[in-house]
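Understanding the architecture of this molecule
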Amino acid sequence: MDQFTCLLVDDEPLARELLVTYCGYLPQLRIEAVCGNAFEAKTMLQEKAIAILFLDIHMPVLDGIDFLQTLKTRPQVIMTTAYKEYAVNAFDLAVCDYLVKPFSLERFIRAVDKATENIGFRNNRNPVAKAADDHLFIKTEGKIYRINHDELLFAEANGNYTRVVTIDKTVIPAMSFYSLEQQLSATQFIKVHRSFIINKSKVSRIEGNRVFIGEQEIPIGKNYRDELFKKLGL
């Protein structure tokens, strides 16, 4: 069984104890360190190879959201917080999952499963789709489609599925949005919102916080706007 290294970050001792207990039920998880603040966590991330980061939001001096923005590369991040209202900001930073305290063991396991699945996709162990330089194969409803990159207009996260829109069809494979993102060229495709990736060569116009692929309107997330304009040479 593969093991996944974990870093637990929370300023509350009881919350840390619960995470340690929950991790102990899952033999695939190995705790590398437990930290009480973001500065300790940053040091651990520099010293150790961490696969999954369990991160609280409300912490002294530097909160979890601001801490994530300081990281150039990130492991799979599972936010653990008592506050629902930060979910949008967290998902804008492409976190894997968002657990609202108090969360159950069952909900914890589902978050871990999602994180380990994403790591498997990133390491090219995705059984659903395989990428090449100019195309990928997607399996859905018993069929396997070859999707050329220059035919792919955009992709949209749709719950546990991903809606892939091409010039002549729309397919909805049972694959995560993250796995598709990892298989698309970063020079040709741009993530413009936590739920949308677009083919930059298909952009017809931009109006305010909306980008258009033909007449299809797609929102631009505030955390993605600068990168979009940079990649478009604007």
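Residues numbered from 1 in each chain as written. Predicted model: local features only at pLDDT ≥ 70, side-chain atom pairs only at ≥ 80, totals over all residues. Heavy atoms only, no water.

1. Observations regarding the confidence of the model for the chain
On average, residues of the chain score 86 in pLDDT, and 93% of them are at 70 or above. Long-range and interchain partners of residues 124–132, a stretch whose pLDDT sits below 50, account for 24 contacts in this model, where long-range means more than four residues apart. (pLDDT = per-residue confidence, 0-100. Contact = heavy atoms within 4.5 Å.)

2. Considerations on the layout of surface pockets
Empty space among the atoms becomes visible once a probe the size of a water molecule is rolled across them. Of the pockets and cavities examined, the second largest pocket occupies roughly 190 Å³. Along its surface, the second largest pocket is lined by Lys-42, Leu-45, Gln-46, Ile-50, Thr-70, Leu-71, Lys-72, Thr-73, Arg-74 and Pro-75. (1 Å grid on protein atoms, 1.4 Å probe; cavity = no way out; pocket = protein on both sides within 12 Å on 5 of 7 lines; lining within 4 Å. Points joined across faces, edges and corners; volume = space filled by probe spheres on them.)

3. Describing helix α2 (residues 38–47)
Each α-helix turn comprises 3.6 residues. Residues three or four places apart therefore point the same way. All buried positions along α2 are accounted for by Ala-38, Ala-41 and Met-44. Considered in projection along α2, the buried side chains sweep an arc of 115° and stay on one side of the axis. What points out from α2, more than 90 degrees from its buried face, is the exposed set Gln-46 and Glu-47. Tucked into the core, α2 has its buried residues touching β1 (4–9), β2 (29–35) and α3 (64–69). (Buried < 20%, exposed > 50% of the residue type's maximum accessible area, 1.4 Å probe, protein only. Helix = DSSP H or I, 4+ residues; strand = E, 2+ residues; numbered from the N terminus. Arc of directions from axis to C-beta.)

4. Observations concerning the pattern of salt bridges
Counting across every chain of the model gives 15 salt bridges. As a salt-bridge pair, Asp-10 and Lys-101 come within 2.7 Å of each other at their nearest N and O atoms. Here the residue Asp-10 occupies a position in the loop between β1 and α1 (13–24), and Lys-101 occupies one in the loop between β5 (97–100) and α5 (105–122), the gap between them amounting to 91 residues. The salt bridge partner of Asp-168 is Lys-169, with a shortest N-O separation of 3.4 Å. On the basis of relative accessible area, Asp-168 is assigned to the exposed category, the value being 60%. Judged by relative accessible area, which is 24%, Lys-169 ranks as partly exposed. (Salt bridge = Lys/Arg side-chain N within 4 Å of Asp/Glu carboxyl O.)

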